[in-house]
Amino acid sequence: MGKRNRQAKSSTHSKGPVEEATEEDLTYDPSTYDFFFELDSEWPCLTFDFLKGESNSQTSQPFSVGFLSGTQADKPHKNQILFAKISNIYKRRPKTDSDSDDSEEEEEEQEPQFYSYTYKHRGTVNRIRVAPQPEASLAALWSDTGVFEFIRYGPLSALERSGRKVDLIQNLQNFEDPSGEGFAISWSSVSVGQLVCGNCAGYIRWWLPSSETGSSFVVDSQPFEGHQTSVEDLQWSPVEPTVFVSSSVDQSIRFWDTRLGKHCALAMERAHTSDINVLSWNPIDTHLLVSGGDEGIFQVWDLRTLSSSTTEQSFQNSTSPVAKFDFHKSPIVAIEWSPFESSSLVCAAADGRISFWDLSLEADQEEETEQGMNLDEKWKDIPAQLLFLHEGQKDPKDVHWHPQIPSLTMSTGLNGFHIFKPENI
């Protein structure tokens, strides 16, 4: 299990090398991470999303990542949208007694570099999500002012240019929702520019681009209705352009098809015993869906057990999850399937722990018995599917796998951003 020790600090307003801080209370084994560092932000960020690069994958060092985020400042006018890039990321090599001064100088040259641009924004950014097609350069966000916004961001390469940076964030369109603020956003990966967003009143709104350039969007006049309370998360199907799923504080998961009108096609009532905060639809094994709830449990659902001919009333309690994990004892705040391994997922909870799982693994009773004799009592209930545990993120809010760098993960919470790559994932 990996725990943090070293902290990388960098201002969100400047360019410069990432600096390592002194050891903290948590112990740390350098061999458990390929790399790990932190970024401080002026204000906490509740949300972020990665930006895709031009190539389909990054398999060789140095790595480079770009992301968009938004702040939660103490006053509405102090908030910002952060457009950032971290480059020159190398795998850290554990130091040995034989390391020379030359190797130390080489490591200094390999320190990550941080570049950023901030755009003033009124109100806390509840959630920001980037369109999956990188050529679109589009993102959408909810703020606590009840405004839903579309923005366009500039090229990542522009962040490294010297001189004054202008227009790297462009506001395209604002929609002041009469029902108030929201959190749920999902872009379709199949239909370019198609998006759904959900608010705290339980309504889901469907957006489509109104022009070929994607510079403006039109919202369907009638929202999707069915949830009794706040819509917490939304996910478009990774293969169907008309199908999406939603979760809510009302403890239900609902499936929608835009061809069938504004009422849900299927509903799983009481899918959890508490608020269902997050969803993730598996992009590889597209019959799998995972949900995370306020009770600290996440559950995996096999959508092949669902029937389109089943009525909503008879379907309410007709299915069960194929897997259920209660390792976390606090609300699940973020969850995501790996874009590279169909059985792997990452989960963040309010207990300050970020867990990595491989659901293809099964417990070996004989081996567990032998190992259990040598384990501390607190580790004896660790599930066989749990691969890695990252600690030290204060009150996590969001976590994502990088879409192009296998196993690179980033999280945000009240103490800034963590960027890391577990060695065993």
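This structure is a prediction, so every number in the text was calculated from the model and none was measured.

**Describing the side chain of Ser355**
No. 1: One can find Ser355 in strand β27 (residues 353-358).
No. 2: Looking at Ser355, its side chain comes within polar contact range of the side chain of His328, at 2.7 Å.

**Things to note about the sheet that holds strand β31 (residues 416-422)**
No. 1: Spatially, 4 strands are ordered β4-β31-β30-β29 in an open sheet, and the strand pairing comes out antiparallel. Unpaired on one side and paired on the other, β4 (33-39) and β29 (398-401) mark the two borders of the sheet. Strand-to-strand twist of the sheet, defined as the mean angle between neighbouring strand axes without regard to direction, takes the value 15 degrees.
No. 2: Pairing geometry for strand β30 (residues 409-413) and β31, over 5 bridges, is antiparallel. Bridge assignment links Gly413 to a residue of β31, and that residue is Gly416.

**Considering the pairing of strand β10 (residues 138-143)**
Side-chain positions along a regular strand alternate between the two faces of the sheet.
No. 1: The element β10 is largely enclosed, with a buried count of 6 among its 6 residues.
No. 2: The alternating pattern of β10 places Leu138, Ala140 and Trp142 and Ala139, Leu141 and Ser143 on opposite faces, both of which are buried.
No. 3: With 5 bridges joining them, β10 and strand β11 (residues 147-153) adopt antiparallel strand pairing. The partner of Leu141 across the bridge, within β11, is Glu149.
No. 4: Here β10 hands over to β11 after 3 residues, with Gly146 in that stretch at a positive phi of 85 degrees.

**Examining the environment of Lys324**
No. 1: Mapped onto the elements of the fold, Lys324 is located in strand β24 (residues 323-325).
No. 2: Lys324 sits 25 residues away from Gln299 along the chain, and the two C-alpha atoms are 4.5 Å apart.
No. 3: When sequence neighbours within four positions are dropped, the list of residues in contact with Lys324 reads Ile297, Phe298 and Gln299.

**Section: the pairing of strand β19 (residues 253-257)**
No. 1: Here β19 lies mainly inside the structure; 5 of its 5 residues are buried.
No. 2: In β19, alternate side chains face the same way, and those of Ile253, Phe255 and Asp257 on one face and Arg254 and Trp256 on the other are all buried.
No. 3: Bridge count between strand β18 (residues 243-248) and β19: 5 bridges; the pairing is antiparallel. The partner of Ser247 across the bridge, within β19, is Ile253.
No. 4: Linkage of β18 to β19, two consecutive antiparallel strands, is achieved through a turn of 4 residues, within which Gln251 is found at a positive phi near 75 degrees.
No. 5: Across 3 bridges, the pairing between β19 and strand β20 (residues 266-268) is antiparallel. For Phe255, the partnering residue across the bridge sits in β20 and is Leu266.

**With respect to the sheet that holds strand β13 (residues 182-187)**
No. 1: The strand order across the open sheet built from 4 strands is β13-β14-β15-β16, with neighbouring strands paired in antiparallel fashion. One side of each edge strand has no neighbouring strand; the edge strands of this open sheet are β13 and β16 (217-219). Neighbour to neighbour, the strand axes of the sheet diverge by 25 degrees on average, direction disregarded.
No. 2: In this structure, strand β14 (residues 195-199) lies alongside strand β15 (residues 204-209), joined through 4 bridges in antiparallel fashion.

**Things to note about the nonpolar core**
No. 1: Core analysis: the largest hydrophobic core is formed by 19 residues, its most contacted members being Phe67, Ile86, Phe417 and Ile419.
No. 2: Elements with a minimum of two residues in this core: β4, β5 (45-51), β6 (63-71), β7 (80-89) and β31.
No. 3: The element best represented in this core is β7, accounting for 4 residues.
No. 4: Phe67 has contacts with Phe48, Asp49, Phe50, Leu51, Leu82, Phe83, Ala84, Ile86, Phe114, Met410 and Phe417, leaving out every residue within four places of it along the chain.
No. 5: In this structure, Phe298, Phe325, Leu345 and Trp357 belong to the second largest nonpolar core, which totals 18 residues.

**Side note on the UniProt feature "repeat: WD" (unreviewed entry) in the protein chain**
No. 1: Those residues carrying the UniProt feature "repeat: WD" (unreviewed entry) are residues 224-259, 269-311 and 325-360 in this numbering.
No. 2: Secondary structure content for residues 224-259 is 0% helix and 47% strand, while the C-alpha to C-alpha distance between its ends is 12 Å.
No. 3: Structurally, residues 325-360 is divided into 0% helix and 53% strand, and its ends, taken at the C-alpha atoms, are 14 Å apart.

Calculation notes
Residues numbered from 1 in each chain as written. Predicted model: local features only at pLDDT ≥ 70, side-chain atom pairs only at ≥ 80, totals over all residues. Heavy atoms only, no water. Helix = DSSP H or I, 4+ residues; strand = E, 2+ residues; numbered from the N terminus. Polar contact = N/O pair within 3.5 Å; in protein donor to acceptor, adjacent residues only side chain to side chain. Pairing = 2+ DSSP bridges. Axes fitted to C-alpha atoms, helices over the stretch in contact; angles between N-to-C directions. Buried < 20%, exposed > 50% of the residue type's maximum accessible area, 1.4 Å probe, protein only. Contact = heavy atoms within 4.5 Å. Core = buried A, V, L, I, M, F, W, Y, C linked by side-chain atoms within 4.5 Å. UniProt positions renumbered as here; feature names shortened; annotations may be inferred.

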